[in-house]
Every structure is written in structure tokens, then in C-alpha cells.
Amino acid sequence: MRQGLEGKSAFITGAGGGIGRGIAEQLAANGAKVMIAEINEQTGQATADALCQAGFEAQFAPVDIRSEADIEAGVAAHLARYGGLDILVNNAGANQHFDASKMTVDEWEHSMSLNLRGAWLCCKHALPIMAAQNAGVIVSIASVHATMTAYNFFPYNVAKSGLLGLTRSLALDWGQHNIRAVAVSPGWVRTQPAVEHFEQADDPAAEEQRVRDLHPLKRIGEPKNIGDLVAFLASDEASYITGTEIVIDGGISARYAG
Ligand SMILES: NC(=O)c1ccc[n+]([C@@H]2O[C@H](COP(=O)([O-])OP(=O)(O)OC[C@H]3O[C@@H](n4cnc5c(N)ncnc54)[C@H](O)[C@@H]3O)[C@@H](O)[C@H]2O)c1
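Rules used throughout
Residues numbered from 1 in each chain as written. Predicted model: local features only at pLDDT ≥ 70, side-chain atom pairs only at ≥ 80, totals over all residues. Heavy atoms only, no water. Helix = DSSP H or I, 4+ residues; strand = E, 2+ residues; numbered from the N terminus. Rg over C-alpha atoms; globule rule 2.2 N^0.38 Å. Buried < 20%, exposed > 50% of the residue type's maximum accessible area, 1.4 Å probe, protein only. Areas by Shrake-Rupley, 256 points an atom, 1.4 Å probe, with all protein chains shown as cover. Lys, Arg positive; Asp, Glu negative; His and termini not counted. Charge placed at Lys NZ, Arg CZ, Asp CG, Glu CD. Salt bridge = Lys/Arg side-chain N within 4 Å of Asp/Glu carboxyl O. Expected span 1.5 Å × (residues − 1). Core = buried A, V, L, I, M, F, W, Y, C linked by side-chain atoms within 4.5 Å. Contact = heavy atoms within 4.5 Å. Near = heavy atom within 4 Å. Polar contact = N/O pair within 3.5 Å; in protein donor to acceptor, adjacent residues only side chain to side chain. Nonpolar A, V, L, I, M, F, W, Y, C, P; charged D, E, K, R; others polar. Phe/Tyr/Trp six-rings, centres within 6.5 Å; stacked < 30°, edge-to-face > 60°. Pairing = 2+ DSSP bridges. Axes fitted to C-alpha atoms, helices over the stretch in contact; angles between N-to-C directions.

**Points about the overall build of the protein chain**
Of the regular secondary structure elements, the protein chain holds eight helices and seven strands. Relative to the 2.2 N^0.38 estimate, which gives 18 Å for 258 residues, the radius of gyration of the protein chain is 18 Å and therefore close to what a compact globule would have. The dimensions of the protein chain, computed from C-alpha atoms along their principal axes, are 50 × 40 × 35 Å. Relative to its full complement of 258 residues, the protein chain shows a buried share of 46%. Accessible surface, the protein chain as shown: approximately 12,200 Å² in total, 52% of it carbon and sulfur. Of the side chains in the protein chain, 19 bear a positive and 29 a negative charge, and the two mean positions are spaced by 5 Å.

Written out as C-alpha cells, the structure is:
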């Protein structure tokens, strides 16, 4: 089903690759004008170019979500180009694995600035624009690790849990301005970190098969799957969905590990 996003614009962090690019492609395919807010200039520009070549409206903004100045400049570029901001997708983030008894404060700050604080800072600069429009949607890409976790996923899972709290607070405090906030929690998705995980195994094919078999659907997700969900959540068809988390994981979290 095509979601009618014509006339809307979306600011997507980490959209130069992986899930973020999948989201940008699906939002654009459904009619939205997109801003590729990305730390990697090469992949960010390449994604914007590819979307423009496909006939969509897209622009690259150099944004490191750990920097409030970058976010301010990126949002200002978005406003100048598109004249409003309808959809914010907090996607940029990365898995981190630390020993809680050895992690330094600097390492903690770095992890939180990437996986939690950056999302709040993007909201901070998007919310006044959305409130003035009396409309807006904020989708934050959390993870199945937000509500369950695996060994050695500290403090990635802490930050992802924080995104659920952020989503609930935004929904409550900004709902009166017709702003919706939703968290999307993927399980395994075939992006560079997943591919690297398989490649580091002694037998990559066997490891990929093992992971596939953990899923009731016997496959891992693709970035397009997440993009399709975000396009729906951003659309008017999802206008009564806010303050909640949607899990998209091929059923893996329905499975009892024992
Ligand atoms: N792939 C999965 O299996 C999976 C599962 C659950 C959740 N997630 C979440 O989805 C999001 C995207 O993950 P992915 O698998 O696509 O990762 P990825 O590494 O393939 O892509 C991440 C993108 O974010 C960009 N980025 C990194 N740091 C940034 C920064 N400081 N500022 C702006 N951009 C930055 C990268 O350059 C890259 O383009 C992350 O938040 C991740 O935690 C991924």
C-alpha cells in the first residue's frame, strides 16, 4: 500500500547507509522530500544523489548527531530547502559492548551521545517547528534490546531503553500540538554491522543460517522492511498511533530462549 506523504518533508539521521537509507528510500518513494543527515559525507551525498537520479527530492546535510551545532545547522538547511519539517527519524546509532566495571566516563558519554542524546537534540530543534505547524511525527529507531537483551550489550541496551522513555514523554508533552512520537524496534536487519558479524565467524554461512533459524520466519530483516513501517507510521493512516513501540523482528522476541 502506498502511503501518501506528498507535500511532507523528512529529516533522517544516519541515512547514508543501512536502515537509514532504507527509510529514506521508502519515505521518498511514498512522496516525501528527504534530508539525508549523515556524518559520512561520501555515503550521505551518494544516497542523496541516487534518490535525485531516481526522480525524488533529496539533499545531503553533514550532521554528526553528537554535535548540537551540526544538528542546528542541518535543521536550518532543511527548513531553508523545504519550508517546514514534518517527519523526524532518529536512526543514527551503533552497537556498543563494554564491561560495566571497566567502562570509562568518556566511553559512557560517547555511547550515550550517539545512541540517546543525539535523538533528544534532534527533537529539541524539530519540536518548535512542528508545534508551529501543529503537526509532526517523530520516529526513533530503538531495538529489541530496548526491552530485552543479550549478554555483553551494555550500555547499548540502556540507551535504546531510554529512547522508549523519550518517545513516551514526547507523546505526552507534545500531543496537544498534534505531534506524534513512536519508537520502532528492529531485531536482526541485514546492514553492515550484521554482515560484519557473519564475516567474523569461523563459518560465515553457518552463522548466518543459525541466526536465520532463530526466527519464526527463518529470515532476517531488510532495511526496506523498516522503511515500509516508518512510511506507514509517518502517514495520516497512522494518525492515532503515538507514545508506543512497534517491534519489527521477524518474531524473534516471541521466542523463549530456554
Ligand atoms: N541492523 C540491525 O540489526 C539493527 C537492529 C536493531 C536496531 N538497529 C538500529 O538501527 C539504526 C541503524 O543501524 P544500521 O544497522 O543501519 O547501522 P549502519 O552502521 O549500517 O548505519 C548507520 C548509519 O549512521 C551513520 N552514523 C554513524 N554515526 C553517526 C553520527 N554520529 N551522526 C550521524 N550519522 C551517523 C553511519 O555513517 C551510517 O550511515 C541504529 O540506531 C541501530 O542501533 C539496527
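**With respect to the pattern of salt bridges**
In the structure shown here, the tally under the stated rule is 11 salt bridges. Across the pair Arg-21 and Glu-25 runs a salt bridge, and its minimum N-O distance is 2.9 Å. With Arg-21 and Glu-25 both in helix H1 (residues 18-29) and four residues apart, the pair spans about one turn of that helix. Residue Arg-21 is classed as partly exposed on the basis of its relative accessible area, which comes to 27%.

**Quick look at H1**
A turn of α-helix holds 3.6 residues, and therefore any two residues three or four places apart point the same way. Over its 12 residues, H1 extends 17 Å from the first C-alpha to the last, a length consistent with the 16 Å expected when each residue adds 1.5 Å. The set of residues buried in H1 consists of Ile-19, Gly-20, Gly-22, Ile-23, Ala-24, Gln-26, Leu-27 and Ala-28. Just beyond H1, the residue with positive phi is Gly-31, at close to 110°.

**Re the nonpolar core**
By size, the foremost hydrophobic cluster in this structure holds 31 residues, and its most contacted members are Phe-11, Leu-88 and Ile-138. For this core, the secondary structure elements donating two or more residues are strand S2 (33-38), helix H3 (68-82), helix H4 (105-133), helix H5 (156-174) and strand S6 (179-186). Leave out the neighbours within four places in its chain, and Phe-11 touches Met-35, Ala-37, Val-63, Gly-74, Val-75, His-78, Leu-85, Ile-87, Leu-88, Val-89 and Cys-122. Within the second largest apolar cluster, 30 residues are counted, among which are Val-139, Val-230, Ala-231 and Ala-234.

**Overview of the site of the ligand**
Around the ligand sit 27 residues in total, of which Ile-19, Glu-38, Asn-91, Tyr-156 and Thr-191 are the nearest. Within the contact set of the ligand, a nitrogen atom lies 3.4 Å away from a backbone nitrogen or oxygen of Val-63. Here the ligand loses 85% of its free accessible area of 840 Å² to cover by the protein chains. Sorting the residues of the shell around the ligand by element identifies H1, H5 and helix H6 (192-200) as the ones contributing at least two each. Residue classes in the shell around the ligand are distributed as 13 nonpolar, 10 polar and four charged.

**Points about the packing of aromatic side chains**
Enumeration according to the criterion identifies three aromatic pairs in this entry. Note on Phe-153 and Tyr-156: the rings are 6.3 Å apart at their centroids and 55° apart in plane angle, and the pair reads as tilted. Considering the side-chain rings of Trp-188 and Phe-198, the 5.6 Å spacing of their centres and the 10° angle between planes classify their relative orientation as stacked. With a gap of 10 residues between them, Trp-188 in the loop between S6 and H6 and Phe-198 in helix H6 connect regions that are remote in the sequence. Residue Trp-188 is classed as partly exposed on the basis of its relative accessible area, which comes to 27%. What makes Phe-198 buried here is its relative accessible area of 4%.

**Comments concerning the sheet that holds strand S3 (residues 58-62)**
Read from one edge of the open sheet, seven strands run S3-S2-S1-S4-S5-S6-S7, paired in parallel fashion. Of all strands in the sheet, those bounded by a partner on one side alone are S3 and strand S7 (244-248). Going across the sheet, the axis of each strand differs from the next one's by a mean of 20°, ignoring polarity. Pairing of strand S1 (residues 9-13) with strand S4 (residues 87-90), which is carried by three bridges, proceeds in the parallel orientation. Note on S4: the bridge partner recorded for Ile-12 is Val-89. H5 contacts strand S5 (136-141), S6 and S7 of the sheet and is inclined by roughly 160° relative to S6.

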